[in-house]
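Tertiary structure, described
In case you want the letters, here they are:
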Amino acid sequence: MEIKFTKSENLKKKPEPGQKLGFGNIFTDYMLVMPYDEGKGWHDPEIKPYAPIELSPASMCLHYGQTVFEGMKAYRTADNKIQLFRPEENFKRLNQSNERLVIPQLPEELAMECLMELLKVEKDWVPSNDGESLYIRPFIFAVDPFLGVRPGNSYLFIIILSPSGAYYESGLNPVNIYVENKYVRAVRGGMGYAKTGGNYAASLIGQDEAHKQNFSQVLWLDGVEQKYIEEVGAMNIFFVIDGEVVTPMLQGSILPGITRKSAIEVCKSWGLKVSERRISIQEISDAYDAGKLQEVFGTGTAAVISPVGILKWGDKLMEINGNKIGDISQKLYDTMTGIQWGKVEDTFNWTVEVK
Ligand code: PLP
Ligand code: COI
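This report concerns the structure included in the present document. (Residues numbered from 1 in each chain as written. Chains lettered and ligands numbered in written order. Predicted model: local features only at pLDDT ≥ 70, side-chain atom pairs only at ≥ 80, totals over all residues. Heavy atoms only, no water.)

1. Thoughts on the pairing of strand β8 (residues 133–142)
Basically, it comes down to this: Any residue under 20% of the maximum accessible area for its type is buried, any over 50% is exposed, and the rest in between are partly exposed; the area is computed with a 1.4 Å probe on protein chains only. Helical segments are the DSSP runs of H or I of at least four residues, strand segments are the runs of E of at least two, and each set is numbered from the N terminus. By this definition, two strands are paired if DSSP reports at least two bridges between them.
Burial analysis of β8 places 9 of its 10 residues in the buried class, the great majority of the element. Pairing of strand β5 (residues 67–69) with β8, which is carried by 3 bridges, proceeds in the antiparallel orientation. Residue pairing in the sheet places T67 in a bridge with F141 of β8. Note that strand β6 (residues 72–76) and β8 share 3 bridges and pair antiparallel. By the bridge assignment for β8, K73 is matched with Y135. Of the strand pairs in this sheet, β8 and strand β9 (residues 154–164) are connected by 10 bridges, and their pairing is antiparallel. If you follow F141 over to β9, its bridge partner there is L156.

Have a look at this one:
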């Protein structure tokens, strides 16, 4: 499909090399916008200047939350190439989210073509500082001006880009996490596995309380018994117990993370025992008491590999590996970021160059 290009008359000043970017604060010059209308399908993709969009106050997404999104990154390698990490997985997951939210499927090749064209235009925005990348946010939402509850007939697919650094201010230093006992984020049969705004809205109150107690994120428990570990606000969670790497299995209530999937493959390639299974918070507490809880870390596009230094469950404070990053977490971080930034040979064939 032909992608229209509308030139910006007003290019922004790019961040200075060395300027601390933070996460998700800065937006580039252009965005991609493609409408969907019933009868026409996805049509007229356009790359145009990044700017506010006009919406009817009755737009269905604003009232009933029919929206999905993705998160991925473009990396600049030492030899000045731009590459993506498993982007096809993101568009596959976008369509799984679409299915759950009754949003029309977006052909994955078309989504990829749109992204590649936008990245070609915005290449110079991919940062070159260590640990920084261009965060990519594709999203879709229903725009019909209608107040009844039904799936929309009209949508917008938009991709915006944000040069970003570490998601957590602490960088690779361990984060402290608090086990949420009161609220739940998702239940099986719900939409926990979909990347949709409502899941994040449900998580805000827990995160807010955690922040008030000086914790950076919440570890969610299952929505039925509040016994089994699910995931963290913006990442999947892994434990190393007595040499075994364990992570909650996918049962529909947590996001099937692409970093999670990759970390599992990397750990297996090292010959480590990896289990995807139910893990109760009691088991973690017992392993801690028995001195067998060796490492805890989160995985995510924004969070990369984030070691957990302190885990609080009720009145119990567990200090993991002396509040220092563990060997497996460090090695995983080095391997994953090495592949992403082109410093380690990509034996898995995960990277895709933007040409
Ligand atoms: N879980 C949640 C709730 C997330 O928001 C994310 C981030 O995207 C993840 C897990 C990790 O997923 P991925 O590794 O695909 O970024
Ligand atoms: C990501 O890691 O891409 C995310 O979407 C996490 C978050 C910023 C919601």
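2. Some details on the site of ligand 1
How we decide: Throughout, the term near means that a residue has one or more heavy atoms lying within 4 Å of the molecule or strand in question. Here a polar contact means two N or O atoms within 3.5 Å. Within protein one must be a hydrogen donor candidate and the other an acceptor candidate, and residues neighboring in sequence count only if both atoms are side-chain atoms. Side-chain classes are defined by residue name, with Ala, Val, Leu, Ile, Met, Phe, Trp, Tyr, Cys and Pro counting as nonpolar, Asp, Glu, Lys and Arg as charged, and the others, Gly among them, as polar.
Ligand 1 sits among 17 residues. The nearest are K195, Y200, E231, T259 and T301. Note that a nitrogen atom of ligand 1 is positioned 2.5 Å from one of the side-chain N or O atoms of E231. Within the side chain of T259, one N or O atom sits 2.5 Å away from an oxygen atom of ligand 1. Elements with a minimum of two residues in the shell around ligand 1: β12 (229–232), α5 (258–269) and β16 (293–300). Residues belonging to the shell around ligand 1 are distributed by class as follows: 6 nonpolar, 7 polar and 4 charged.

From the geometry alone we can't say anything about function, so treat these as descriptive.
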